Amino acid sequence: MNPNLQQLQPYPFAKLAKLKEGVEPPADLTHIALSIGEPKHTPPAFVRDELIDNLDKLASYPVTKGLDPLRETIARWLCERFQLDAVDAETQVIPVNGTREALFAFAQAVVSPGAKVLMPNPFYQIYEGAAFLAGATPHFINCGAETGFKPDFDSVPEDVWHQCDLLYLCTPGNPTGALLDIDDLKQLIALADRYDFIIASDECYSELYFDEASPPAGLLQACAELGRNDYHRCVVFHSLSKRSNLPGLRSGFVAGDANVLEKFLLYRTYHGCAMPVPTQYASIAAWQDEQHVQENRALYRQKFDAVLEVLDGCLNVQKPQASFYLWPKVGNGEDFARELFRQQNITVLPGAYLARKAMGVNPGSEYVRMALVATLDECIEAAKRIRQFCQ
């Protein structure tokens, strides 16, 4: 067996299941799950119809590179969303089966054994696993309240930057919802040039924000403002899962530096992970429409406003800059999660399960993650029970 498999930790939800073992919640309270970031809003009907209408194309092998119309649609969406001058659909876009598999596979293609892979802490556990399986060493960059929950890049020693092959970003951040602004991204591009590494920006929550006039910035947008239309060293990952409530479609894309994507495409061709043709046509329909995305954001705004009003004064929590998570400070996250389940039949995720100890601390240990993915009524009911629990 690959010895690097021994370095993988149990997934956060396996740890959560163990934490809840033997705990009996009140039988008269229905369970409300705020632990898993799985969108529950209704998927767009027109995407479903497009998928059904193209089921006959299951008779054809898909090509790893994806259909021309899909790549062209993605390129247009990127240019409109991030004010880019141009994206070459032929060389700068690859459709992928959701960002999870692509984020993992990317490290296998671009990282040298023995190198460092830098990532935020807390983080999406796929980044760590990708580093280990590539034969690299993860380096965790703490994201604490003192930096507005953005990674403390100043804490990274220069020798670590020299060893870095790949930097994972997550903006908006999971679990904190913190944003890297355009100046942050430009500074990281300068670091990538200085120390010769690639930036992989996980932007799968980029379309879940609160101010319609001020969407989050993206890495390619920072490149464009610097005049780097080749997006040198920079690659972004986007998904329909959160944007369009289509987690089961497993559809997203990777875009950016054509030289990097050329090698990544070669890797993927051997990996055998081409997107089914019906899924590609359904994805075209989803990327072409913004109305359903605006309606999706409106639903989340409604839930955040209602939940935060109920929790006001009883829980140390603030509205995030984006995403659908709350990241309240609760003392001991594991104790809070276990007792909340025991007393109120609500499941939240301890923040320690999303982080690792670095620089002497686990930056998630005093927090829990709450995903506002349930219905509005369920979210309000959960907030009322949490308030009762805290009081």
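The preceding data block contains the structure.
Conventions and cut-offs
Residues numbered from 1 in each chain as written. Predicted model: local features only at pLDDT ≥ 70, side-chain atom pairs only at ≥ 80, totals over all residues. Heavy atoms only, no water. 1 Å grid on protein atoms, 1.4 Å probe; cavity = no way out; pocket = protein on both sides within 12 Å on 5 of 7 lines; lining within 4 Å. Points joined across faces, edges and corners; volume = space filled by probe spheres on them. Helix = DSSP H or I, 4+ residues; strand = E, 2+ residues; numbered from the N terminus. Nonpolar A, V, L, I, M, F, W, Y, C, P; charged D, E, K, R; others polar. Buried < 20%, exposed > 50% of the residue type's maximum accessible area, 1.4 Å probe, protein only. Contact = heavy atoms within 4.5 Å. Pairing = 2+ DSSP bridges. Axes fitted to C-alpha atoms, helices over the stretch in contact; angles between N-to-C directions. Parallel < 35°, antiparallel > 145°, perpendicular 65-115°, else oblique. Left-handed = near helix turned anticlockwise from the far one by under 90°. Core = buried A, V, L, I, M, F, W, Y, C linked by side-chain atoms within 4.5 Å. Salt bridge = Lys/Arg side-chain N within 4 Å of Asp/Glu carboxyl O.

Caption draft 1: Examining the layout of surface pockets more closely. By volume, the largest pocket is sized at about 510 Å³. If you trace the largest pocket, you find 27 residues lining it, with Tyr-11, Gly-37, Arg-100, Tyr-124 and Lys-242 closest to the centre. Broken down by secondary-structure element, the contributors of at least two residues to the lining of the largest pocket are helix H1 (12-20), helix H4 (99-110) and helix H9 (240-243). Here the lining of the largest pocket is composed, by residue class, of 14 nonpolar, seven polar and six charged.

Caption draft 2: Region of interest: unusual backbone geometry. Here Asn-121 and Pro-122 are connected by a cis peptide whose omega angle stands at 10 degrees. Residue placement: Pro-122 occurs in the loop between strand E3 (116-121) and helix H5 (125-133). In the segment running from Thr-171 into Pro-172, the intervening peptide bond is cis, with an omega of -5 degrees. For Pro-172, the position within the fold is in the loop between strand E5 (164-170) and helix H7 (182-195).

Caption draft 3: Quick peek at the side chain of Asn-345. Along the chain, Asn-345 falls in the loop between helix H13 (333-344) and strand E10 (346-347). Judged by relative accessible area, which is 7%, Asn-345 ranks as buried. Setting aside anything within four residues of it in sequence, one finds Asn-345 in contact with Pro-25, Pro-26, Leu-29, Thr-30, His-31, Ile-32, Leu-340 and Arg-385.

Caption draft 4: Quick look at the sheet that holds strand E2 (residues 93-96). Spatially, the seven strands line up as an open sheet ordered E2-E8-E7-E6-E5-E3-E4, and their pairing is mixed. Bordering the open sheet on either side are E2 and strand E4 (137-142), each of which pairs with just one other strand. Adjacent strand axes in the sheet meet at a mean angle of 20 degrees, parallel and antiparallel pairs treated alike. Pairing of strand E6 (residues 198-202) with strand E7 (residues 234-239), which is carried by four bridges, proceeds in the parallel orientation. Within E7, the residue paired with Ala-200 across the bridge is Val-235.

Caption draft 5: View of the packing of helix H12 (residues 291-311) against helix H14 (residues 376-390). Viewed as axis vectors pointing N to C, H12 and H14 meet at an angle of 15 degrees, and their least axial separation amounts to 9 Å. By the angle class used here, H12 and H14 are roughly parallel. Read as a crossing pair, H12 and H14 show a hand that is right-handed. For the pair H12 and H14, the contacting residues are Gln-302, Lys-303, Ala-306, Val-307, Val-310 and Leu-311 in the first and Leu-376, Cys-379, Ile-380, Ala-383, Lys-384, Ile-386 and Arg-387 in the second.

Caption draft 6: Here's a closer look at the nonpolar core. Residues Leu-78, Leu-84, Leu-167, Phe-197 and Ile-199 are the most contacted members of the largest nonpolar core, which totals 50 residues. Put simply, the parts of the chain that give this core at least two residues each are helix H3 (68-82), helix H6 (158-163), E5, H7, helix H8 (219-225), E7, strand E8 (252-256) and helix H11 (277-287). Aside from chain neighbours lying at most four places away, what touches Leu-84 is Leu-78, Cys-79, Leu-220, Gln-221, Ala-224 and Tyr-231. Grouped together as the second largest cluster of nonpolar side chains are 44 residues, Phe-149, Leu-311, Ala-337 and Tyr-353 included.

Caption draft 7: View of empty space enclosed by the protein. Overall, the coordinates contain two cavities of 30 Å³ or more when judged by the stated rule. Considering only enclosed or pocket space, the largest cavity measures out at about 130 Å³ in volume. Together, 16 residues line the largest cavity, and Pro-120, Phe-149, Pro-151, Cys-170 and Gly-173 are the ones closest to its centre. With three residues, E5 is the single largest residue contributor to the lining of the largest cavity. Of the residues in the lining of the largest cavity, the class split is 12 nonpolar, three polar and one charged. As for the second largest cavity, its lining consists of Leu-34, Val-307, Leu-311, Leu-326, Met-370, Leu-372, Cys-379, Ala-382, Ala-383 and Ile-386. The element that contributes the greatest number of residues to the lining of the second largest cavity is H14, accounting for four residues. A breakdown of the residues in the lining of the second largest cavity according to their chemical character gives 10 nonpolar, no polar and no charged.

Caption draft 8: Region of the structure containing the pattern of salt bridges. A full pass over the atoms with the stated rule returns 22 salt bridges. Among the ionic pairs, Asp-49 bridges to Arg-48, the shortest N-O distance being 3.2 Å. Asp-193 is the salt-bridge partner of Arg-228, the closest N and O atoms lying 2.6 Å from each other. One end of the pair, Arg-228, is in the loop between H8 and E7; the other, Asp-193, is in helix H7, and 35 residues separate them in sequence. On the basis of relative accessible area, Arg-228 is assigned to the buried category, the value being 15%. A network of salt bridges, in which partner residues are shared, links Lys-65, Asp-68, Arg-71 and Glu-90.

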